[in-house]
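Understanding the architecture of this molecule
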Amino acid sequence: MIVVTGATGNVGQWLVKHLAAAGERVTAVSRGLTPVNLPNGVEHVRADLSAPGTLRPVLAGAEALFLHDGGTGGHGLTPADILDVARTAGVRRVVLLSSQGVVTRPESPSHGGIMHAIEEAVRESGLIWTILRPGAFASNAFAWAESVRTERTVAAPFGDTGIPVIDPADIAEVAAVALHKDEHAGRVYELNGPAVVTPRQQAEAIGAALGEPVRFVELTRAQAHARMVEFMPEPVVETTLAVLGAPNLAELRLSPDVERVTGRAPRSFAEWARRNAAAFR
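Let us look at the structure shown here. (Residues numbered from 1 in each chain as written. Predicted model: local features only at pLDDT ≥ 70, side-chain atom pairs only at ≥ 80, totals over all residues. Heavy atoms only, no water.)

1. Describing the packing of aromatic side chains
All told, the structure shown has four aromatic pairs when counted by the stated rule. Ring centres of Trp 272 and Phe 280 lie 6.1 Å apart, and the angle between their planes is 75°; on these two criteria the pair is classed as edge-to-face. By the burial criterion, Trp 272 is buried, and Phe 280 matches it. The ring of Trp 14 has Lys 17 sitting right over it, with the charged end atom 5.1 Å from the ring centre. (Phe/Tyr/Trp six-rings, centres within 6.5 Å; stacked < 30°, edge-to-face > 60°. Buried < 20%, exposed > 50% of the residue type's maximum accessible area, 1.4 Å probe, protein only. Lys NZ or Arg CZ within 6 Å of the ring centre and 35° of its normal.)

2. A word on the side chain of Arg 152
Looking at where Arg 152 falls in the secondary structure, it is placed in the loop between helix 6 (145-151) and strand 7 (153-157). A distance of 2.7 Å separates a polar side-chain atom of Arg 152 from the backbone oxygen of Val 148. A polar contact is formed between the side chain of Arg 152 and the side chain of Glu 212, at a distance of 3.2 Å. In contact with Arg 152, other than residues within four places in its own chain, are Ser 147, Leu 210, Glu 212, Pro 213, Val 214, Arg 215, Phe 280 and Arg 281. (Helix = DSSP H or I, 4+ residues; strand = E, 2+ residues; numbered from the N terminus. Polar contact = N/O pair within 3.5 Å; in protein donor to acceptor, adjacent residues only side chain to side chain. Contact = heavy atoms within 4.5 Å.)

3. Quick word on helix 7 (residues 168-178)
Counting buried residues along helix 7, 11 of its 11 residues qualify, which places the element largely inside the surrounding structure. Buried within helix 7 we find Pro 168, Ala 169, Asp 170, Ile 171, Ala 172, Glu 173, Val 174, Ala 175, Ala 176, Val 177 and Ala 178. Two or three places before Ala 169, at the opening of helix 7, Asp 167 has a side-chain oxygen 2.8 Å from that residue's backbone nitrogen.

So, in structure tokens, the structure goes:
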């Protein structure tokens, strides 16, 4: 059995589908309501990673664990306790969804520090481990869904500064492989998309997926900051704006790891937009 935490998230939902399609017995774990569209035979269990004891009955009999912070960003987690519960339950393998920020923004508590501590706990757990470090998610564009639906507009800062975003479905496929094969033990994979894409180009791709133009409006840094602090902690906002406005060389580097693990190139943002066009209609 494979236990998938964060199963309602952008990566978790795809991972559950991949594993179920491969005939695996899967338990989908989240803190909230039952995920929609679970494949037949997949059990959903509510549990909270910030209370590791809630995982004991979930992990009993499990062979592998996909570990994701469940949307907490690592805050409030005691990863050593989570991994102790997993090991005691008989789990042998753990695949951690970490962040590219561990190496590209190590000075940032939100992007580097917290996940670095979780990575260290995984390495020291005594389990067979694989660490995934994705860059920016293509699904971050869902933040524009309402303005696209109502005004056919995308508003964002740094319109012509791009980074290579990663489709969560690609992260899930890499995770599914790593959960199955010993050859990925002790490996760290950096995951991003096939090309650098700017916010302006993302707006164009969403428009193409819809079959009608989407207007791009460039925000100043101050305007973007004011919007983002409404739903993100200040340190996260500052680091995110730094990445979007002045990506460093490591954040711009195109990684071969998706293709190395899955045997195919990562999906483009345009492909992601076509698959998710309904969210923007």
